[in-house]
Amino acid sequence: GAIPIFADVLPETGCLDPASIRDKITSRTKAIMVVHQFGMPAIMDEIMAIAREHGLKVIEDCAQAHGATYRDRYVGTFGDIGVFSLNVNKSIQTGEGAVVVTDSTDLKYRLELIRNHAESVVGPAGYEQLTNMIGFNYRLTELQAAIGIVQLKKLDELNRIRLELVDFLKQELGSYDFIALMDQPDSHATYYQLPFRFLPSKAGISRKAFIDAVNAEGILFFQGYVKPLYLLPVFRQKLAFKHGYPFNAPENQSIQTNYEPGACPNVEQLHFEELVSNEHIRYPHTLADMEDIVKAIRKVAGD
C-alpha cells in the first residue's frame, strides 16, 4: 500500500540529489530507492547518512551499474538490498532475470520465499512474517543461472573494454563547450550508456537539430531518456488498482504527492532539454568506431 514520492536528481549525474531526498522525507517515509543511473554511482555516503538519521531502509537499483564502485566500495552493498538486472540490454545478461544481494539473513530468506510461491510454503516453514508473501513466481531458470555464472566471469573484461571506449570519447569531446560530460567524483562508473548534457545556448542549435545531424552521419544518438515517472498515467490519474488503490487508501490521504509537471526541475531539464546519450560504448565496438563518432560530431560542429 505504499506510494512513491519522487526526489530530484543532480544534473551532473542524473542520480538522486541527497538534498532533495531530505526535503521529501516525512513521518510516513519508509525507504529510499536509489538508482545508479547510467552506471554512475549515486552519492551513497550522504544518502546512507540520511537513511540512518530517519531509520529508513535503502534499496539500490544497480541495473545499469555492474561492477561500479563509490569510494572503493561496490554499489549494491551500501543499502539493505541491491538489485542487478540481467536482461538482454545490460552489461552482462542471461536474456532476462536479475540478481538480488543483501547482508541480512532475514531479507535473504524472505526473498527466497517470495521468488518461489511464498504463500504455499510459509506454513510448513513456520515463518510468521506474512506481509507480501503472495504466491508469486520469480524464479530464474537453471539455464539462465548457468549463463549468468559464465557472464559474471567476463564482467571485468567487458567493463575494461567499455571504459577504454568511454575514456577516448570523453577526452575527444571534452573540449567542446556545448558538451557537458556527466560524471560522479569519488567513484568508478561503468557507463551503461555514455550520457552528456547538450547546451543549446553554446551550440547555437537545438538539441534535436544536433541529434538529427549526427544521426544522419550514421551515428545513433538519443535525446532524453525515460519520461519522468511521475508524469506516467498511473501517477497522474492515481489509478493503480481497483478504486484507485493504493493512492486513495485512508493511510495515504494525508500524503502530499508530487505527480505534476515541475515536481523535479532537474529531471525535466535533462529529459526535455539537455540529455544526450549513446550505446556505442559496448563490445564489440572498437576505438575505430569511437573515431567515427568523433568525426561525425566534429563535422556537425563545423570543425
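Residues numbered from 1 in each chain as written. Predicted model: local features only at pLDDT ≥ 70, side-chain atom pairs only at ≥ 80, totals over all residues. Heavy atoms only, no water.

(A) Just the overall build of the protein, in detail. In terms of regular secondary structure, the protein is built from 10 helices and 11 strands. Overall, the C-alpha framework of the protein stretches about 70 × 45 × 35 Å when taken along its three principal axes. Across the 303 residues that make up the protein, the buried fraction comes to 43%. Taking contacts inside the protein between residues at least 6 apart in sequence as the whole, the part at least 24 apart equals 62%. Surface summary for the protein: the accessible area is close to 16300 Å², and the carbon and sulfur share equals 54%. Across the protein, the mean location of the 30 positive side-chain charges is 4 Å away from that of the 38 negative side-chain charges. (Helix = DSSP H or I, 4+ residues; strand = E, 2+ residues; numbered from the N terminus. Buried < 20%, exposed > 50% of the residue type's maximum accessible area, 1.4 Å probe, protein only. Contact = heavy atoms within 4.5 Å. Areas by Shrake-Rupley, 256 points an atom, 1.4 Å probe, with all protein chains shown as cover. Lys, Arg positive; Asp, Glu negative; His and termini not counted. Charge placed at Lys NZ, Arg CZ, Asp CG, Glu CD.)

(B) Up close: the sheet that holds strand S8 (residues 187-188). Ordered in space as S4-S3-S8, the 3 strands form an open sheet in which the pairing is antiparallel. Sheet topology places strand S4 (73-74) and S8 at the edges, where each strand pairs with a single neighbour. With 2 bridges connecting them, strand S3 (residues 69-70) and S4 associate as antiparallel partners. Looking at the pairing, Thr 69 lines up with Tyr 74 of S4. (Pairing = 2+ DSSP bridges.)

(C) Broad picture of helix H3 (residues 105-114). Buried within H3 we find Arg 110, Leu 113 and Ile 114. Angularly, the buried residues of H3 cover 95° about the axis, an arc narrow enough to put them on a single face. Looking at the buried positions of H3, the neighbouring elements they touch are helix H4 (122-125). (Arc of directions from axis to C-beta.)

(D) Geometry of helix H7 (residues 207-216). For H7, the complete set of buried residues consists of Arg 207, Phe 210, Ile 211 and Val 214. Considered in projection along H7, the buried side chains sweep an arc of 95° and stay on one side of the axis. Of the residues flanking the end of H7, it is Gly 218, one or two places downstream, whose phi is positive at about 90°.

(E) Up close: the packing of helix H5 (residues 142-173) against helix H10 (residues 287-301). The contact between H5 and H10 brings their axes to 10 Å, and the two run at 25°. By the criterion of interaxial angle, the relationship of H5 to H10 is roughly parallel. Handedness of the crossing formed by H5 with H10: right-handed. Residue-level inspection shows Glu 164, Leu 165, Phe 168, Leu 169, Glu 172 and Leu 173 of H5 in contact with H10, the latter providing Leu 287, Met 290, Glu 291, Ile 293, Val 294, Ile 297 and Arg 298. A class-by-class count of the residues in the contact of H5 with H10 yields 9 nonpolar, no polar and 4 charged. (Axes fitted to C-alpha atoms, helices over the stretch in contact; angles between N-to-C directions. Parallel < 35°, antiparallel > 145°, perpendicular 65-115°, else oblique. Left-handed = near helix turned anticlockwise from the far one by under 90°. Nonpolar A, V, L, I, M, F, W, Y, C, P; charged D, E, K, R; others polar.)

(F) Inspection of the nonpolar core at higher detail. Residues Met 44, Leu 169 and Phe 221 are the most contacted members of the largest nonpolar core, which totals 61 residues. Looking at this core, the elements with two or more residues in it are strand S1 (31-35), helix H2 (44-54), H5, strand S9 (194-198), H7, helix H9 (265-274), strand S11 (275-278) and H10. Sort the elements by how many residues they give to this core and H5 lands first, with 7 residues. Apart from the residues within four sequence positions on either side, Leu 169 is in contact with Gly 174, Leu 194, Ile 281, Met 290, Ile 293 and Val 294. Counting 6 residues, the second largest nonpolar core, distinct from the first, contains Ile 114, Ala 118, Val 122 and Met 133. (Core = buried A, V, L, I, M, F, W, Y, C linked by side-chain atoms within 4.5 Å.)

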